[in-house]
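Structural overview
What follows is each chain in one-letter form.
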Amino acid sequence: MLYKAYIEGLVEEQVGESLKQNCLWNLEGWGFVSNTFRALEGRYLDAPLEDLGFKRVWAVGPVAPDTDAAGERGGEAAVAAGDLSAWLDAFPEGSVVYVCFGSQAVLTPAMAAALAEALERSAAPFVWGVSGDGVVPEGCEARAAAAARGMVVRGWAPKVAALRHAAVGWFMTHCGWNSVREAGAAGVPMLAWPMAADQFVNARL
């Protein structure tokens, strides 16, 4: 599929050549080992695909890191894993919604307003990770903090630690592959809000 996208000019020129070479190397292989899992992609694992050269695929996931590596993200976490864990400790098992749309997806003000209203009306405790350019409607953060049931984390947050905390029962996600894999590894159900690219396929699966 990626190679087809390259051929059809759907991949930006600056990454196209390296993507093409990676796809060609993959097609030379005898098979594929993929960080996926049968519950998600069983029908593809059972029937090798043409765009994988009809090679066998072995699922070895979902595999995710044990801890978050803030240093690899170009800076310190906006909130330490220990601080987030301590905040989550106050809530019953499976009661908190963790909201995060990755580092690239940015909600429009209208989308952010709709999400904030939904979180407030649900009365569910939540952690909302907001990327660097993300917006949070005025007053939402203060009201959540005053009610002691919401935390807004601006910048990079320890997602793996949050998903593995017993209090987190739901993950609202854009369904990027890393997020799907990390939620699967943590056993946390996903509330899917795909925004681009493979996220729509991931959400359907």
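The structure contained in this document is the topic of the report that follows. (Residues numbered from 1 in each chain as written. Predicted model: local features only at pLDDT ≥ 70, side-chain atom pairs only at ≥ 80, totals over all residues. Heavy atoms only, no water.)

**As for the overall build of the protein**
Rules: Strands here mean DSSP runs of E at least two residues long; helices mean DSSP runs of H or I at least four residues long; both are numbered from the N terminus. Remark: exposure states derive from per-residue accessible area (1.4 Å probe, protein chains only) relative to the maximum for the residue type, with buried under 20%, exposed over 50%, and partly exposed in between. In this analysis, two residues are considered to be in contact whenever any of their non-hydrogen atoms come within 4.5 Å of each other. Surface accessibility follows the Shrake-Rupley procedure with a 1.4 Å probe radius. Residue values consider only the protein chains on display as shielding.
The helix and strand tally for the protein stands at nine helices and seven strands. Taken across its 205 residues, the protein has 35% of its residues classed as buried. The contacts of the protein with a sequence gap of at least 6 include a subset with a gap of at least 24, amounting to 64%. Roughly 11800 Å² of accessible area belongs to the protein as shown, and the carbon and sulfur atoms make up 55% of that amount.

**Describing empty space enclosed by the protein**
Selection criterion: Definitions used throughout: a 1 Å grid over protein atoms alone; a cavity as a set of points that fits a 1.4 Å probe which cannot get out; a pocket as an open set with protein on both sides within 12 Å along at least five of seven lines; a lining residue as one with an atom within 4 Å of a point. Grid points are joined across faces, edges and corners, and a volume is the space filled by probe spheres set on the points.
The tally for this structure, following the rule as stated, stands at one cavity of 30 Å³ or more. Volume-wise, the largest cavity comes out at about 90 Å³. Lining the largest cavity, in full, are Phe101, Gly102, Ala105, Val106, Leu107, Trp128, Gly129, Val130, Ser131, Gly134 and Val135.

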